[in-house]
Amino acid sequence: MSTDDTETPSDAGDRRTTDDHGHDVIDPLYVGIVTVSTSRAGEADPDDPGGDTIQEIFEDEGHEVQARELVRDDYGAIRTAVRSLVARREIDVVVTTGGTGVTADDVSPEATSALFERDLPGFGELFRSLSWEEVGTRAMASRATAGIAADTPVFCLPGSTNAVRTACERLIVPEAPHLAGLATSHRTDATDRTLSAYQSDSSTD
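In this text the structure is predicted, and so the values were computed from the model without any measurement. (Residues numbered from 1 in each chain as written. Predicted model: local features only at pLDDT ≥ 70, side-chain atom pairs only at ≥ 80, totals over all residues. Heavy atoms only, no water.)

Caption draft 1: Here's a closer look at the pattern of salt bridges. The final tally for this structure, using the stated rule, is 12 salt bridges. The residue Asp52 makes a salt bridge to Arg68 at a minimum N-O spacing of 2.9 Å. Here Asp52 is found in helix α3 (residues 49–60), whereas its partner Arg68 is found in strand β5 (residues 64–71), with 16 residues between them in sequence. Overall, the relative accessible area of 41% leaves Asp52 in the partly exposed class. The residue Arg88 makes a salt bridge to Glu90 at a minimum N-O spacing of 2.8 Å. A single burial state applies to Arg88 and to Glu90, both of which are buried. Connected through salt bridges with shared partners, the residues Asp48, Asp52 and Arg68 form a single ionic network. (Salt bridge = Lys/Arg side-chain N within 4 Å of Asp/Glu carboxyl O. Helix = DSSP H or I, 4+ residues; strand = E, 2+ residues; numbered from the N terminus. Buried < 20%, exposed > 50% of the residue type's maximum accessible area, 1.4 Å probe, protein only.)

This is the structure in structure tokens:
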């Protein structure tokens, strides 16, 4: 499953403001969502509760979802989907859901973090702290992570809708406009990003 409504060029300059501390903020955000699920990816008309929850929460705060992808639990498929989204100039933030556990096919953290230029370790720390309040010691099994890839904040979440709601409502949506602004504050031109740093590797794709 793939949706793409991004025919218009980026207008991030029009959406960029500053906060009380003079830091760049992008609001509303243009969001890309990647759902990772082998079982759902094989269905003709799959449901996607995790992706739907992410979209609902962002849109309730006035942001816009520009693209959604559904891919199987596969390192190359996940990395390709995320890489393609972060290379698109109009996408300000990417959120994935699924594949962050400890089974052999849970490879979302590895596939996404391979693209990171800078890690955001505080996200995983805070998320697991919040999860402790909800699920106790099972929180340690979550490998949720985040980082910056091609100037784009990327958040890698579990597949549970409760976990997605906790992460988005309490951490990501409140802070993502600020992170997206900071990550792109060095830009001085309007040239498109390219995929040159994210070319396919035949050994993994």
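Caption draft 2: Fine view of a negative patch on the surface. A contiguous patch of negative charge, built from Glu59, Asp60, Glu61 and Glu64, is present on the exposed surface. Among the secondary structure elements, Glu61 is positioned in the loop between α3 and β5. (Patch = residues over 30% accessible without salt bridge, like charges linked within 9 Å, V, L, I, M, F, W, Y side chains within 5 Å. Areas by Shrake-Rupley, 256 points an atom, 1.4 Å probe, with all protein chains shown as cover. Lys, Arg positive; Asp, Glu negative; His and termini not counted. Charge placed at Lys NZ, Arg CZ, Asp CG, Glu CD.)

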